[in-house]
Amino acid sequence: QVQLIESGGGLVQAEGSLRLSCTAPARTLSGYSLGWFRQAPGKEREFVAAMSGGGTNVADSVKGRFTMSRDNDKNAVYLQMNSLKPEDTAVYYCAARPWYARSTKSEDYIYWGQGTQVTVSS
């Protein structure tokens, strides 16, 4: 079992920035591929970014604005979000899967955090 804890969400004006963090207090994330997903009210959960030892994928809707990174020493993964737009408003989730290959599909992930709310005002 891997417990994931997200933090860093909040309310920000359009064009602002936020950095989300995801940590696993009781288990190393080494060997896991990780992803960020988001879900807006009334919409399905959608892929944002994913990372493994082989590289990173970023959704077209956030490419050039969002960056995913990882700090193995801190056992944490981050989502730096710049130039935020109102349509980025959603609950953001961190997810992990115990395989090397990263995935853009939510059903491929085993472990999920509780989510952190990001609200972008216009």
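Residues numbered from 1 in each chain as written. Predicted model: local features only at pLDDT ≥ 70, side-chain atom pairs only at ≥ 80, totals over all residues. Heavy atoms only, no water.

Considering the pairing of strand β9 (residues 90-97)
Then, number 1: Most of β9 sits inside the fold, with 7 of its 8 residues counted as buried.
Then, number 2: Direction of pairing for strand β4 (residues 33-39) relative to β9: antiparallel, over a ladder of 7 bridges. If you follow Arg-38 over to β9, its bridge partner there is Tyr-92.
Then, number 3: Sheet analysis places β9 next to strand β11 (residues 116-121), joined by 3 bridges and oriented antiparallel. Bridging from a neighbouring strand, Ala-90 pairs with Val-118 of β11. (Buried < 20%, exposed > 50% of the residue type's maximum accessible area, 1.4 Å probe, protein only. Helix = DSSP H or I, 4+ residues; strand = E, 2+ residues; numbered from the N terminus. Pairing = 2+ DSSP bridges.)

Brief notes about the sheet that holds strand β7 (residues 66-71)
Sheets are built from strands that pair by backbone hydrogen bonding, the pairs being arranged parallel or antiparallel.
Then, number 1: If you walk across this open sheet you meet the 4 strands as β1-β3-β8-β7, and the pairing is antiparallel. Pairing within the sheet leaves two strands with one partner each, and these edge strands are β1 (5-7) and β7. Here the strands of the sheet are splayed against their neighbours by 15° on average, with no regard to which way each runs.
Then, number 2: Two strands pair when backbone bridges link them, and β1 and strand β3 (residues 18-23) are joined in this way by 3 bridges, in the antiparallel orientation. Counterpart to Ile-5 in the pairing with β3 is Thr-23. (Axes fitted to C-alpha atoms, helices over the stretch in contact; angles between N-to-C directions.)

Some words on the packing of aromatic side chains
Then, number 1: Tallied over the full model, the rule gives 6 aromatic pairs.
Then, number 2: With a centroid separation of 5.2 Å and an interplanar angle of 75°, the aromatic rings of Phe-37 and Tyr-109 are classed as edge-to-face. Of this pair, Phe-37 sits in strand β4 while Tyr-109 is found in the loop between β9 and β10 (111-112), placing the two residues 72 residues apart along the sequence.
Then, number 3: Taking relative accessible area as the criterion, Phe-37 reaches 1% and is therefore assigned buried. (Phe/Tyr/Trp six-rings, centres within 6.5 Å; stacked < 30°, edge-to-face > 60°.)

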